[in-house]
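Coordinate inspection notes
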Amino acid sequence: MKAVFLDRDGVINRERGEYTFLVQDFELIEGVVDAIDRIKSSGYQVIVITNQAGIAKGLYTIDQMKACHQMMQEACSHKIDAIYFAPLHPSVSESLARKPGSLMFERAISKFGIDITQSWMIGDKMRDLIPAKMMGMSTILVSESEKELEADYQRKSLYESLDLIC
């Protein structure tokens, strides 16, 4: 089994510069639905790995986050196989799940029997890619401005990453 791991904010939905936890503020990036459809059609599991520190900070609830995830799933015709989230933040409590920790990845790899040598991680910040690189996955930084030499590849969007994956 192979997988494409996706960060949420900045890869799937627009990065607003503040926490996105209300459905009305959750805006999918153009091409995301088509990209996820093509990734699934190419035989990959699609797994979202997201830090959600605003929960630990008391800024929003798990239910508010889950409402955004439900909207995301509906827009993508329920083609996302799993969503893992880390609700903690170092200012409140430590967590091995929170990226750049690898626990969310390890749980998904174990649950789905994922071959990491055939898998990808796509994120908009290096902390998204660090655990995947340590595990041996290929990485793509999605950014129009940030340059990062540590990533294996860089593209402007998830959709533009398809040339590497599919």
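Refer to the preceding data block for the structure.
Residues numbered from 1 in each chain as written. Predicted model: local features only at pLDDT ≥ 70, side-chain atom pairs only at ≥ 80, totals over all residues. Heavy atoms only, no water.

It is worth spelling out the pairing of strand β1 (residues 2-6) at this point. Within β1, four of the five residues are buried, which leaves the element mostly enclosed by the surrounding structure. The pairing of β1 with strand β2 (residues 44-51) spans five bridges and is parallel. Looking across to β2, one finds that Ala3 is bridged to Gln45. For the crossover that starts at β1, traverses helix α1 (residues 32-41) and ends in the parallel β2, the hand is right-handed. Inspection of the sheet shows β1 paired to strand β4 (residues 120-123) by three bridges, in the parallel sense. When the bridges of β4 are listed, Phe5 appears paired with Met121. (Buried < 20%, exposed > 50% of the residue type's maximum accessible area, 1.4 Å probe, protein only. Helix = DSSP H or I, 4+ residues; strand = E, 2+ residues; numbered from the N terminus. Pairing = 2+ DSSP bridges. Right-handed = clockwise from strand over helix to strand, strands pointing away.)

Looking now at the pairing of β4. The alternating pattern of β4 places Trp120 and Ile122 and Met121 and Gly123 on opposite faces, both of which are buried. Two strands pair when backbone bridges link them, and β4 and strand β5 (residues 138-142) are joined in this way by four bridges, in the parallel orientation. In the strand pairing of β5, Met121 is matched with Thr139. For the crossover from β4 across helix α4 (residues 126-135) to β5, the handedness is right-handed.

Since there are 3.6 residues in each turn of an α-helix, residues three or four apart along the chain are aligned in direction. Here α4 has its buried residues at Met126, Asp128, Leu129, Pro131 and Ala132. Considering only its buried residues, α4 is in contact with α3 (103-112), β4 and β5. (Contact = heavy atoms within 4.5 Å.)

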